[in-house]
Amino acid sequence: MSTLSCIFCKIIAGQAPARIVYRDELVTAFWDAHPQSPVHILVVPNQHLATLNDAASGDEQAMLGRMVLVGRQLAGEQGIDETGYRLLINTGPQAGQTVYHVHLHLLGGRPLRSGLG
Ligand code: 5GP
Ligand code: ZN
């Protein structure tokens, strides 16, 4: 999918609405449109990358590290870092990936099932 038709690229470009809670030179974070828990925020790279399988270079190492640290920061801002939260990247059809622009789910605010499969 090209960046022109990617919904997350449109959100990053301000061409589609979203509740954006964080933005820097590498990543943007916004609330999930269909939250699965009281806190459900997506952290996405500003550059289009379809899946984690496309991450290989040194640049992507910095971006992926930033995604995790921003997820941790937002968990603190949402007051769920002590009660617990989950950071999750679905990759490919059997994992349930539906949007092919890499995204880290921040889930929390309620007890989460072990959810490993
Ligand atoms: P996946 O299943 O690919 O890991 O997660 C995709 C997530 O993106 C889902 O939780 C879905 O609710 C969310 N999502 C899909 N389209 C939109 C959208 O247009 N705006 C927002 N904010 N979230 C979306
Ligand atoms: Zn995209």
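Above: the structure in question.
The structure displayed is predicted, hence computed values, not measured ones.

Novice: Explain the nonpolar core here, please?
Specialist: Most often, soluble globular proteins have nonpolar side chains that are buried together. Among the nonpolar cores identified, the biggest contains 17 residues, and Val27, Ile41, Val43, Met67, Leu74 and Leu106 are the most heavily contacted of them. Looking at this core, the elements with two or more residues in it are strand S2 (27–31), strand S3 (39–45), helix H2 (58–77) and strand S5 (104–108). Residue contacts for valine 27: discarding those within four places in its chain leaves Tyr22, Val43, Val44, Pro45, Asn46, Met63, Arg66, Met67 and Val70. Of all hydrophobic cores here, the second largest spans ten residues; its members include Cys9, Ile11, Phe30 and Val44.

Novice: Is there a simple way to explain the sheet that holds strand S4 (residues 85–88) in this structure?
Specialist: Note: strands within a sheet are paired through backbone hydrogen bonds, in either parallel or antiparallel orientation. Strands sit in the order S1-S2-S3-S5-S4 across an open sheet of five strands; the sheet is antiparallel. Here the strands that pair on one side only, and so sit at the sheet edges, are strand S1 (20–23) and S4. Across the sheet, the mean angle separating the axes of adjacent strands is 15° when strand polarity is ignored. One ladder, built from five bridges, connects S2 with S3; its direction is antiparallel. Residue pairing in the sheet places threonine 28 in a bridge with valine 44 of S3. Contacts between H2 and the sheet are confined to S1, S2, S3, S4 and S5, with S3 contributing the most and set at about 155° to the helix.

Novice: Help me understand the pattern of salt bridges in this model?
Specialist: When charged atoms on two side chains of opposite charge get close, those side chains can pair. Summed over the entire model, instances satisfying the criterion amount to three salt bridges. In this structure, aspartate 81 and arginine 72 form a salt bridge, with 3.6 Å as the shortest nitrogen-oxygen distance. Aspartate 81 gets classed as partly exposed once you look at its relative accessible area, which sits at 27%. Residues joined by salt bridges that share partners form a network here, namely Asp24, Glu25 and Arg66.

Novice: When you look at the site of ligand 1 in this model, what are you seeing that I'm missing?
Specialist: In the vicinity of ligand 1 lie 17 residues, with Asp32, Gly96, Thr98, His103 and His105 positioned nearest. Backbone polar atom of valine 99 to an oxygen atom of ligand 1: 3.1 Å apart, as the coordinates give it. The contact in question runs from an oxygen atom of ligand 1 to an N or O atom on the side chain of histidine 105, over 2.8 Å. Compared with its free state, where it exposes 520 Å², ligand 1 has 81% of that area covered by protein. Taken atom by atom, the bulk of ligand 1 overlaps the second largest pocket. If you list the elements that add at least two residues to the shell around ligand 1, you get helix H1 (7–12), S2 and S3. Among the elements that take part in the shell around ligand 1, H1 stands out by supplying three residues, more than any other. In terms of residue class, the shell around ligand 1 is built from eight nonpolar, eight polar and one charged.

What counts and how
- Residues numbered from 1 in each chain as written.
- Chains lettered and ligands numbered in written order.
- Predicted model: local features only at pLDDT ≥ 70, side-chain atom pairs only at ≥ 80, totals over all residues.
- Heavy atoms only, no water.
- Core = buried A, V, L, I, M, F, W, Y, C linked by side-chain atoms within 4.5 Å.
- Buried < 20%, exposed > 50% of the residue type's maximum accessible area, 1.4 Å probe, protein only.
- Helix = DSSP H or I, 4+ residues; strand = E, 2+ residues; numbered from the N terminus.
- Contact = heavy atoms within 4.5 Å.
- Pairing = 2+ DSSP bridges.
- Axes fitted to C-alpha atoms, helices over the stretch in contact; angles between N-to-C directions.
- Salt bridge = Lys/Arg side-chain N within 4 Å of Asp/Glu carboxyl O.
- Near = heavy atom within 4 Å.
- Polar contact = N/O pair within 3.5 Å; in protein donor to acceptor, adjacent residues only side chain to side chain.
- Areas by Shrake-Rupley, 256 points an atom, 1.4 Å probe, with all protein chains shown as cover.
- 1 Å grid on protein atoms, 1.4 Å probe; cavity = no way out; pocket = protein on both sides within 12 Å on 5 of 7 lines; lining within 4 Å.
- Sits in = over half its atoms within 2 Å of the grid points.
- Nonpolar A, V, L, I, M, F, W, Y, C, P; charged D, E, K, R; others polar.

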